[in-house]
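Observations on the three-dimensional arrangement
The chain contents come next:
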Amino acid sequence: MGNMKKDGKGSYRRWIFPIAVLLLAVIFIVWQHKRQETEYSIIQAIIEELPDYQDDIESWGYRVSVLQKMTREPDNAGLMRYYLESAGPVLILEDQDGGMYCYYYGFDQYISERTCKENMMLFPAGQYAEKEYEDLLKTVRLQLCKRNMRQAPLHENTADADSEDYYDVSVLIEITAESLEDGEEVSVLGGGYSGTNYCSNNFVECRLWNGIDPESANSYSDHNIKQEYSAAQLLEYYRKGLEIQGRLMELYRRRQDDDDR
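Calculation rules
Residues numbered from 1 in each chain as written. Predicted model: local features only at pLDDT ≥ 70, side-chain atom pairs only at ≥ 80, totals over all residues. Heavy atoms only, no water. Pairing = 2+ DSSP bridges. Helix = DSSP H or I, 4+ residues; strand = E, 2+ residues; numbered from the N terminus. Contact = heavy atoms within 4.5 Å. Axes fitted to C-alpha atoms, helices over the stretch in contact; angles between N-to-C directions. Polar contact = N/O pair within 3.5 Å; in protein donor to acceptor, adjacent residues only side chain to side chain. Buried < 20%, exposed > 50% of the residue type's maximum accessible area, 1.4 Å probe, protein only. Phe/Tyr/Trp six-rings, centres within 6.5 Å; stacked < 30°, edge-to-face > 60°. Lys NZ or Arg CZ within 6 Å of the ring centre and 35° of its normal. Salt bridge = Lys/Arg side-chain N within 4 Å of Asp/Glu carboxyl O. Core = buried A, V, L, I, M, F, W, Y, C linked by side-chain atoms within 4.5 Å. Expected span 1.5 Å × (residues − 1). Arc of directions from axis to C-beta.

Taken in spatial order, the eight strands make up an open sheet running 1-2-3-4-5-6-7-8, and their pairing is antiparallel. The open sheet has two free edges, formed respectively by strand 1 (63-67) and strand 8 (206-207), since each of these has just one partner strand. In this structure, strand 5 (residues 133-146) lies alongside strand 6 (residues 169-179), joined through 11 bridges in antiparallel fashion. Each residue of the ladder has a partner; that of Cys145, found in strand 6, is Ser170. Docked against the sheet, helix 3 (residues 50-58) engages strand 1 and strand 2 (90-94), running at close to 140 degrees with respect to strand 1. Packed on one face of the sheet, helix 5 (residues 214-228) meets strand 4 (106-121), strand 5, strand 6, strand 7 (192-198) and strand 8 and runs near 105 degrees to strand 7.

Structure follows, in structure tokens:
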């Protein structure tokens, strides 16, 4: 009888160790999986289960939509990068002003468009033509995007200031003007496209590398952009995109924890 009790205890003890090892292995695998979750995998998981997340996201004050991988050029020029890179799906959060925060590998870009009436200088007809001004309907389109679409956005850029990596965000504006009378497009001084690359730490430091005279082109583009948006405004758009990304990550992990219980 005593031997049977000892054998029972010994058998029980023999099972404890492998069960404990198995539990530790499961815990490690779960931890490793959570640690390896990237901004990309979390955004894609939210997109796949969007009905479970939509109410929460819209309660933040955004209209939620998904841009699927495109087979033809989009009407919105700001979304062209996804068409050219065959990238998608993309999670889009549109604010009350129509600005769109786009998420692919985490926060990818902010695009917006604003229109107002403004007295603008017409493009001179000749070298000696007098300056002419006219009240026009001015439209400014803004695109603020990561230069590397397949990399998570940086909360702080620590790259060397002389390297291309330091200028990790591109900003592009397009300015057009229309006649108030017939809606026809009008050529104005300062109209068209302006774009350069900024360091996302401040949107002050900027640089171009391509073209005949990159330094002058960069200075010209930076001036035109800053006529419409200050460095502080551009930084605010970028930081807002990161803030929303953090909220999306937190929402996803909270839902995962609830499902694991």
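Topologically, Lys146 is positioned in strand 5. At a separation of 3.3 Å, a polar atom in the side chain of Lys146 contacts the main-chain carbonyl oxygen of Tyr105.

Side-chain positions along a regular strand alternate between the two faces of the sheet. In terms of burial, strand 6 is largely enclosed, as nine of its 11 residues are buried. Pairing geometry for strand 6 and strand 7, over seven bridges, is antiparallel. Note that in strand 7 the partner of Val171 across the bridge is Thr196.

With respect to the secondary-structure elements, Gly88 resides in the loop between helix 4 (80-84) and strand 2. Classification of Gly88 by relative accessible area gives buried; the value is 11%. Along the primary structure Gly88 and Lys69 are separated by 19 residues, whereas in three dimensions their C-alpha atoms are 4.4 Å apart.

The subject of this paragraph is the side chain of Glu228. Locating Glu228 in the fold gives a position in helix 5. If we skip the residues at most four places from it in the chain, Glu228 touches Arg114, Lys138, Val140, Ile173, Ile175 and Gln233.

The peptide bond linking Gly88 to Pro89 adopts the cis configuration, its omega dihedral lying at 0 degrees. Note on placement: Pro89 falls in the loop between helix 4 and strand 2. Positive phi values are uncommon outside glycine, yet Phe203 reaches one of about 60 degrees. Turning to its location among the elements, Phe203 is positioned in the loop between strand 7 and strand 8. Look at Phe203 and you get buried, because its relative accessible area is 0%.

Here we come to the packing of aromatic side chains. For any pair of aromatic rings, the description consists of the separation of the ring centres together with the inter-plane angle of the planes. Evaluation of the coordinates by the stated rule reveals 15 aromatic pairs. When the centroid spacing of 6.3 Å and the interplanar angle of 70 degrees are considered together, the rings of Tyr229 and Tyr237 count as edge-to-face. As far as burial versus exposure is concerned, Tyr229 and Tyr237 are alike and both buried. Counting every residue linked through ring pairs, the aromatic cluster contains Tyr62, Tyr101, Tyr103, Phe107, Tyr110, Tyr198, Phe203, Tyr229, Tyr237 and Tyr238. Geometry around Trp60 places Arg247 over its ring, the cationic atom sitting 4.3 Å from the centre. Between Arg255 and the ring centre of Tyr53, over which it is positioned, the NZ or CZ distance is 5.3 Å.

What the rule picks out here adds up to 13 salt bridges. The closest approach of N and O atoms between Glu174 and Arg141, which form a salt bridge, is 3.3 Å. Taken together, the residues Glu174 in strand 6 and Arg141 in strand 5 connect sequence positions 33 residues apart. The exposure class assigned to Glu174 is buried, which follows from its relative accessible area of 17%. Three or more residues are tied together by salt bridges with common partners; here these are Arg114, Glu118, Lys138 and Glu228.

Turning next to the nonpolar core. Ile46, Leu91, Tyr103, Phe203 and Leu248 are the most contacted members of the largest nonpolar core, which has 43 residues in total. Secondary structure elements with two or more residues in this core: helix 2 (39-48), helix 3, strand 2, strand 3 (100-104), strand 4, strand 5, strand 6 and helix 6 (231-260). Counting residues per element, this core draws most heavily on helix 6, at 10 residues. Setting aside residues no more than four positions away along its own chain, Leu91 makes contact with Ile43, Ile46, Ile47, Leu50, Val64, Ser65, Val66, Tyr101, Cys102, Tyr103 and Leu248. Judged by nonpolar contacts, the second largest core, of 12 residues, contains Leu67, Met70, Ala87 and Ile92.

Moving on, we get to helix 5. Helical geometry note: an α-helix holds 3.6 residues per turn, so side chains three or four residues apart project in the same direction. For helix 5, which comprises 15 residues, the first-to-last C-alpha distance of 21 Å matches the rise-based estimate of 21 Å (1.5 Å per residue) to within 8%. By the burial criterion, the buried members of helix 5 are Asn218, Ser221, Asp222, Asn224, Ile225 and Glu228. For helix 5, the buried positions fall inside an angular range of 165 degrees around the axis, keeping them on one side. Relative to its buried face, helix 5 has exposed residues pointing more than 90 degrees away, namely Glu215 and Gln227.

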